[in-house]
Amino acid sequence: MTAVEVLRHLGGDDRQMKLSGHVGFDSLPDQLVNKSVNKGFDFNILCVGETGIGKSTIMDSLFKTTFESEPVSHHLPTVSVTAHTYGKSELQESNVGLRLTIVDTVGYGDQIDKTASVKPIIDYIDQQYENYLQEELKIKRSLTLFHDTRIHACIYFISPTGHSLKSLDLVCMQQLDSKVNIIPVIAKADTVSKPELVEFKKRIVDELKKNNVKIYHFPTDDETVADMNASMNSLMPFAVVGSRDEVEIGGEMVRARVYPWGTVEVENENHGDFVKLREMLIRTNMEDLRETTHYEHYELFRKNRLQEMGFADSTADNRPVRLYDVIEKKRIEHMKEMETKEEQMRQMFVDKVKQKEAELKKAEQDLHSKFDNLRKMHAEEKRKMDDKRRMLEEEINEFNRNKAAAQAAQAQAERDLTTHTGSSPVLGRKSGKKK
C-alpha cells in the first residue's frame, strides 16, 4: 500500500493537520528569558567625581559587596581611567549572572589646571565604542561572545557644597551628555541639612537646564513603571550616603554611618535617596540604560565614524552605495593624500637643502672673511717686524760706526803719544830703571 493509499485509508484526502487553540508562540518570552539568563548580562558603570568623594563606597553599597580599591593621592599630575571587571561568578542573584565593570576616574578634579581633566574620560568612552564597532566590521564576528565594555551609566558625583555646581562639573557633563547616560548624584548628603538639600537640588537642576546639559531621564513610555519613573525624575539628582560599616539597629545589621549626634542609615529613605538610586539604576531601568547606550549613544558614534570612513546610505542619485565603491574612493583619496604628503616632503627636503646650502655658503664667506682679516693682520705684523728689524739694523750700524770711530781715535792718540816721546811709554820706563 502506498503512502497516499494509507492516508486515504486513515483520513481520506484531507491531509491538513488539525490545530488546537494553543499554538505555542506564547512561550517565546520564556525562551528569550532562558537564553538571556544562560548568556548573562554585561553592565558597565563610569564613576566621575573628585578623589575622596565616596565613589567606591557607593559602588560597594549598591551591590552589597566590597570591590577592590586602593587609596589614591590627591596630588596626581593627570587624570587616569581605571577599569575593574567582576565576573558572573562573583555577582549572581537567583541564577542570573552579571558581569559588572566599574570604571573610576583617578585624580579627577585634583589638578590646579583642570583644562585637560575631561579628555582622558572622553577618550576612554570613545575607545570602548571603537572596540565594539571594529568587532561589528569584522568578516567573522562574534558579538555574542564579545565582552561589551561600552559605558551604560555614568554616575556623576557632585560635591555637597550646598551652593552650586562647579565649573568643572558643567564642562564635563556638557561633553559627556551625548556619549553616555549621565545620572547626577549628590555625594555625602548627610553633610547637608534637609532644607539646604532641597534648595541645592533645585539649583543644580536650574543650572543644568541653563547650560543645556542633558542628563538621563528614566523612561515613562512603559505603563507599568511610568508613574514611578516620573516621580523619580522629579527627585533627581539623588542625594546619597554610602558606607561599608554594618551597625546593629533594631536587631538587624544594616549599613550605616555612626556620628556622635546619631546614626545615618544608608538604606533609610528618611536619611537619603540611596534606595531610590538603586531601584532606578539596577532593579527597574538597567535594561533601558543598556538599550539607550546601544541605540542612541553608540549609534551616534557609529554614524559619525562611518561617515569619516566614507560610508553613506545612498549616492547623490539615490542609488545604493556599494562597499567596493566606498573602498575604491577611499583608496583614491588616500593615494592623493599620500602624493600630496610626498610632494610636501619633497618640497620640504628641497627647502632644507637650500637652507643648508645657504648656511654653508654663509659659513664659507665667514671663513674667507676671517682668512682675509688674518692675512691683513699677518701682513701688518710683518710690516711692523720689518720696521723694527730695520731700526735695529740701523742702530747696530750706528753702534759699529761709533765703535770704529772710537777705535780709530784711540789708535791716533797712541800714535800721537809715540811721536812726542820717541818711544812707547812702556820701553821708556824700563830703560830708566836700569840706569
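Source: prediction; values computed, not measured.

Time to look at the overall build of the protein. Secondary structure summary: the protein contains eleven helices and ten strands in total. Relative to its 435 residues, the protein shows a buried fraction of 31%. Taking all contacts inside the protein whose residues are at least 6 apart in sequence as the whole, residues at least 24 apart take part in 69%. With an accessible surface of roughly 29,900 Å², the protein has 54% of that area assigned to carbon and sulfur atoms.

This part covers unusual backbone geometry. Following Met236, the chain continues to Pro237 via a peptide bond in cis, the omega torsion being 0°. Here Pro237 is to be found in the loop between α7 (226–233) and β7 (238–239). Look at Lys188: it is not a glycine, yet its phi comes out positive at around 50°. For Lys188, the location among the structural elements is in the loop between β6 (182–186) and α6 (194–210). Its identity as a non-glycine residue notwithstanding, Asn212 has a phi of 55°, on the positive side.

Mean pLDDT over the protein: 84, with 89% of residues reaching 70 or higher. Here helix α11 (residues 425–434) stands out as the element of the protein with the lowest mean pLDDT, 46, in contrast to strand β5 (residues 153–158), whose mean of 94 is the highest. Across residues 425–435 the pLDDT falls below 50, and counting only partners more than four positions away or on other chains, this stretch makes two contacts in the model.

Further remarks concern the sheet that holds strand β9 (residues 252–259). Read from one edge of the open sheet, three strands run β8-β9-β10, paired in antiparallel fashion. Two strands lie at the open edges of the sheet, namely β8 (246–249) and β10 (262–265), each paired on one side alone. On average, each strand axis in the sheet is tilted by 65° relative to the strand beside it, whichever way the strands run.

Our focus in this paragraph is the pattern of salt bridges. By the definition in use, this model includes 31 salt bridges. For Arg99, the salt bridge goes to Asp42, with nearest N and O atoms at 2.7 Å. With a gap of 57 residues between them, Arg99 in strand β4 (residues 96–106) and Asp42 in strand β1 (residues 41–48) connect regions that are remote in the sequence. In this structure Arg99 comes out as partly exposed when scored by relative accessible area, which is 22%. Classification of Asp42 as buried rests on a relative accessible area of 12%. Notably, a salt bridge pairs Arg383 with Glu380, separated by 2.4 Å at the nearest N-O pair.

So, on to the pairing of β6. In terms of burial, β6 is largely enclosed, as five of its five residues are buried. Side chains of β6 alternate between two faces, with Ile182, Pro184 and Ile186 and Ile183 and Val185 buried alike. Sheet topology note: the β5/β6 ladder contains five bridges and is parallel. Within the sheet, the bridge partner assigned to Cys154 lies in β6 and is Ile182.

Time to look at the nonpolar core. With 72 residues, the main nonpolar core has Phe43, Ile45, Met59, Leu100, Leu176, Phe238 and Leu281 as its most contacted residues. For this core, the element with the highest residue contribution is helix α4 (residues 119–136), accounting for seven residues.

Across all of its chains, the model carries eight aromatic pairs by this definition. Measuring from ring centre to ring centre gives 6.4 Å for Tyr108 and Tyr156, while their planes differ by 90°; the resulting arrangement is edge-to-face. Of this pair, Tyr108 sits in the loop between β4 and α4 while Tyr156 sits in strand β5, placing them 48 residues apart in sequence. Exposure class is identical for Tyr108 and Tyr156. Each is buried. Where Tyr129 meets Tyr298, the ring centres are 6.0 Å apart and the plane angle is 50°; that geometry is what we call tilted. Of this pair, Tyr129 sits in helix α4 while Tyr298 sits in helix α9 (residues 286–308), and the two are 169 residues apart along the sequence.

Moving on, we get to the pairing of β9. Pairing geometry for β8 and β9, over four bridges, is antiparallel. Counterpart to Val247 in the pairing with β9 is Val254. As consecutive antiparallel partners, β8 and β9 are separated by two residues, and within that stretch Gly250 has a phi angle of approximately 65°, a positive value. Bridge analysis of β9 against β10 gives four bridges, and the strand direction is antiparallel. Across the sheet, residue Arg257 finds its bridge partner in β10, namely Val264. What sits between β9 and β10 in their antiparallel hairpin is a turn of two residues.

Okay, a nonpolar patch on the surface next. Where nonpolar side chains cluster on the molecular surface, the patch consists of Phe349, Val350 and Val353 and spans about 240 Å² of accessible area. Of note, Val350 is situated in helix α10 (residues 323–421). By relative accessible area, which is 31% here, Val350 ends up partly exposed.

As enumerated under the stated definition, the model contains zero disulfides in all. The closest cysteine sulfur to the non-disulfide-bonded Cys47 is located on Cys154, 8.1 Å from its own sulfur. Residue classification places Cys47 among the buried residues on the basis of a relative accessible area of 1%. Left without a disulfide partner, Cys154 is nearest to the cysteine sulfur of Cys172, which lies 6.8 Å away.

Take Glu135: it is sitting in helix α4. Once residues within four sequence positions are removed from consideration, Glu135 is found in contact with Arg141, Ser142, Leu143 and Phe146.

What counts and what doesn't
- Residues numbered from 1 in each chain as written.
- Predicted model: local features only at pLDDT ≥ 70, side-chain atom pairs only at ≥ 80, totals over all residues.
- Heavy atoms only, no water.
- Helix = DSSP H or I, 4+ residues; strand = E, 2+ residues; numbered from the N terminus.
- Buried < 20%, exposed > 50% of the residue type's maximum accessible area, 1.4 Å probe, protein only.
- Contact = heavy atoms within 4.5 Å.
- Areas by Shrake-Rupley, 256 points an atom, 1.4 Å probe, with all protein chains shown as cover.
- pLDDT = per-residue confidence, 0-100.
- Pairing = 2+ DSSP bridges.
- Axes fitted to C-alpha atoms, helices over the stretch in contact; angles between N-to-C directions.
- Salt bridge = Lys/Arg side-chain N within 4 Å of Asp/Glu carboxyl O.
- Core = buried A, V, L, I, M, F, W, Y, C linked by side-chain atoms within 4.5 Å.
- Phe/Tyr/Trp six-rings, centres within 6.5 Å; stacked < 30°, edge-to-face > 60°.
- Patch = residues over 30% accessible without salt bridge, like charges linked within 9 Å, V, L, I, M, F, W, Y side chains within 5 Å.
- Disulfide = S-S within 2.5 Å.

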